[in-house]
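The residues making up each chain are set out below.
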Amino acid sequence: MIQTERIVIASAGNDFVNFTEREQEGLRRAGEILKAGGLVAFPTETVYGLGGDALNPDSSRKIYAAKGRPSDNPLIVHIADWGDLSRIVSRIPKAAERLAEAFWPGPLTMILQKSDAVPMETTGGLDTVAVRMPSHPVALAVIREGGGFVAAPSANTSGKPSPTLAAHVAEDMDGRIDMIIDGGALGIGLESTIVDLTVSPPRILRPGYITREMLEQVLGDVEADATILQSQAECGQAPKAPGMKYRHYAPAGELTVVCGEPEAVVEYINRRADEDRKGGHLVGVIGTEEMLDRYRADVIKSVGSRTEEDVIAARLYAILREFDAEGATKIYSEAFSVEGLGQAIMNRLLKAAGHRVIDLQVQQEVGENDSNRK
Ligand code: AMP
Ligand code: MG
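Residues numbered from 1 in each chain as written. Chains lettered and ligands numbered in written order. Predicted model: local features only at pLDDT ≥ 70, side-chain atom pairs only at ≥ 80, totals over all residues. Heavy atoms only, no water.

Chemist: I'm lost on the overall build of the protein chain in this one. Help?
Modeler: When you go through the protein chain residue by residue, the secondary structure sums to twelve helices and 17 strands. Relative to its 374 residues, the protein chain shows a buried fraction of 59%. Contacts in the protein chain between residues far apart in sequence, at least 24 positions, make up 67% of those at least 6 positions apart. Of the roughly 15,100 Å² of accessible surface on the protein chain, a fraction of 47% belongs to carbon and sulfur atoms. (Helix = DSSP H or I, 4+ residues; strand = E, 2+ residues; numbered from the N terminus. Buried < 20%, exposed > 50% of the residue type's maximum accessible area, 1.4 Å probe, protein only. Contact = heavy atoms within 4.5 Å. Areas by Shrake-Rupley, 256 points an atom, 1.4 Å probe, with all protein chains shown as cover.)

Chemist: What should I look at first to understand the pattern of salt bridges in this one?
Modeler: Any two side chains of opposite charge can pair if their charged atoms end up close together. Inspection of every chain in the model, using the stated rule, returns 22 salt bridges. Here aspartate 81 ties to arginine 144 by a salt bridge, and the two come within 3.0 Å at their closest N and O atoms. Residue aspartate 81 is found in the loop between β4 (76–78) and α4 (85–88), and its partner arginine 144 is found in helix α7 (residues 137–145); the two are separated by 63 residues along the sequence. By relative accessible area, aspartate 81 is classed as partly exposed at 31%. Ionic contacts of the salt-bridge type, sharing partners, join the residues Glu5, Glu25, Arg28 and Arg29 into one network. (Salt bridge = Lys/Arg side-chain N within 4 Å of Asp/Glu carboxyl O.)

Chemist: I tried to follow unusual backbone geometry on my own but got confused; where do I start?
Modeler: Glycine aside, residues mostly have negative phi angles, and peptide bonds mostly take the trans form. A cis geometry characterises the amide bond from tryptophan 104 onward to proline 105, with omega recorded as -5°. Relative to the assigned elements, proline 105 resides in the loop between α5 (94–103) and β5 (108–113). Following serine 200, the chain continues into proline 201 via a peptide bond in cis, with omega recorded as -5°. Turning to its location among the elements, proline 201 is positioned in the loop between β9 (193–196) and β10 (203–206).

Chemist: Explain the environment of leucine 320 to me, please; I cannot follow it from the model alone.
Modeler: In this structure, leucine 320 sits in helix α11 (residues 309–326). Put simply, leucine 320 and lysine 160 are 160 residues apart on the chain and 9.0 Å apart in space, counted from C-alpha to C-alpha. When residues no more than four places from it in sequence are discounted, the contact partners of leucine 320 are Pro161, Tyr249, Pro251, Leu255, Ile286 and Ala352.

Chemist: Help me out: how do you make sense of the side chain of threonine 211 in this one?
Modeler: Positionally, threonine 211 belongs in the loop between β10 and α9 (212–219). With relative accessibility at 11%, the residue threonine 211 sits in the buried group.

Chemist: How should I be thinking about the packing of aromatic side chains in this particular structure?
Modeler: Between two aromatic rings, the relevant description is the distance of the centres plus the angle of the planes. This structure, assessed with the given rule, holds one aromatic pair. The ring of phenylalanine 323 is capped by lysine 301, whose NZ or CZ atom sits 5.6 Å from the centre of that ring. (Phe/Tyr/Trp six-rings, centres within 6.5 Å; stacked < 30°, edge-to-face > 60°. Lys NZ or Arg CZ within 6 Å of the ring centre and 35° of its normal.)

Chemist: Looking at this model, I keep getting lost on the confidence of the model for the protein chain. Mind explaining?
Modeler: The predicted structure's coordinates, where accompanied by low pLDDT, should not be read in detail. Residues with a pLDDT of 70 or more make up 89% of the protein chain, whose mean pLDDT is 90. This stretch, residues 231–240, has a pLDDT under 50; its non-local contacts, to residues over four places away or in other chains, come to 18 contacts. Taken as a whole, residues 364–374 scores under 50 in pLDDT and shows 30 contacts with residues more than four places along the chain or in a different chain. (pLDDT = per-residue confidence, 0-100.)

Chemist: Please clarify how helix α3 (residues 57–67) should be interpreted in this entry.
Modeler: Each α-helix winds once per 3.6 residues, and so residues spaced three or four apart point in a common direction. Of the residues making up α3, those classed as buried are Ser59, Ser60, Ile63, Tyr64, Ala66 and Lys67. One side of α3 holds all its buried residues, which, seen down the axis, span an arc of 165°. Measuring from the backbone nitrogen of aspartate 58 back to the side-chain oxygen at the start of α3 gives 2.9 Å, which picks out asparagine 56 as the cap. Once α3 finishes, glycine 68 follows within two positions and takes phi at roughly 65°, a positive value. (Arc of directions from axis to C-beta. Polar contact = N/O pair within 3.5 Å; in protein donor to acceptor, adjacent residues only side chain to side chain.)

Chemist: Would you explain the side chain of threonine 122 in this entry?
Modeler: Here threonine 122 lies in helix α6 (residues 120–123). For threonine 122, a relative accessible area of 0% puts it in the buried group. If sequence neighbours within four positions are ignored, threonine 122 has contacts with Ala54, Ser60, Tyr64, Pro74, Leu75, Val77 and Ala151.

Chemist: What is the right way to look at the sheet that holds strand β8 (residues 179–182) in this model?
Modeler: Hydrogen bonds along the backbone pair up the strands of a sheet, which may run parallel or antiparallel. Ordered in space as β1-β8-β2-β3-β7-β4-β6-β5-β9-β10-β11, the eleven strands form an open sheet in which the pairing is mixed. The outermost strands of the open sheet, each flanked by one partner alone, are β1 (5–8) and β11 (223–224). Bridge count between strand β2 (residues 40–42) and β8: two bridges; the pairing is parallel. When the sheet's bridge partners are listed, alanine 41 is paired in β8 with isoleucine 180. (Pairing = 2+ DSSP bridges.)

Chemist: Explanation requested: the site of ligand 1 in the structure shown.
Modeler: The environment of ligand 1 is formed by 17 residues, the closest being Arg69, Asn73, Thr128, Pro153 and Arg206. One nitrogen or oxygen atom from the side chain of arginine 69 is found 2.9 Å from an oxygen atom belonging to ligand 1. Residue asparagine 73 places a side-chain N or O atom 2.6 Å away from an oxygen atom belonging to ligand 1. Coverage of ligand 1 by the protein amounts to 95% of the 500 Å² it exposes when considered alone. (Near = heavy atom within 4 Å.)

What follows is the structure, given as structure tokens:
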């Protein structure tokens, strides 16, 4: 156990234009910790990150240990200044320049060929490196104070939902890391989009707030990895983004996603919930605002209106954690649209469910995959 220091940075009503003296002092301390090989959790615009010096192999080892994450699951290196990119990649392709121009700082991660400066510990043994420049002012300040290169996976225990509040980070990381910076609730709530620029055409390995359509406007043709949406059937491909093979974001209860017409979905979930409750289960439901009063279950949570995908994205992980706190042993969720940001939402939801999906249109249960749970 180590002593975890907790600081709050909520400058100027959360727009972080100017840090107070005291906050600046805290950020400097965070930088000292990182430079000395320690770990600091900090807010970004997507989810809370668990930061360590990306160029220090010991720091990366500590990150894997703190998360209980398999060390072949590579880390994303966060930078704060475009000029720093050339130090960690061997070549900057034109596509990277264009994407950075359009989306950095922001929730986009690019895979590039790494330089010798990046240790294999950070890339999980790969000769490519994932790089992102976040837009959150606290993240940018922490990266600069910490020497410019911060490896930062989500600050959760491996396999649990990513943290969107500092309280989630504390739940998982208290006593395991040196500092937690509380920057309040985060805006996006889902991890960055990952695009691989080492292949042609570029390929999306993880969907996020920056959608395929947005990338295509800048790059032309962009492919989506076939493993991204497996709602119909498992496609049996070996995933290229190594983290993709692990079950992620999962609540402790057994989560099932139900697809179909809204009426049929409500009816199906209520029937299953009745059975489960008779069997002694505590049953939770994740529903949209529009359908909420129709459910019968022990804990019913609104993820937001069906029409507000940004709200659904921002709430999803917190809701999954709340079910743990409430002891739900069976959880059912509506499925959401897979257009735009919906693709990222469904990608995370299906992973959280270990791809346990009921599609009422085809009346069959698709793949249940618990064996990879990490
Ligand atoms: P996280 O840090 O939890 O947001 O996850 C980072 C994810 O980025 C990993 O699980 C991988 O899927 C992906 N990733 C990181 N580096 C690489 C890389 N060099 N090649 C392919 N995927 C990567
Ligand atoms: Mg993660």
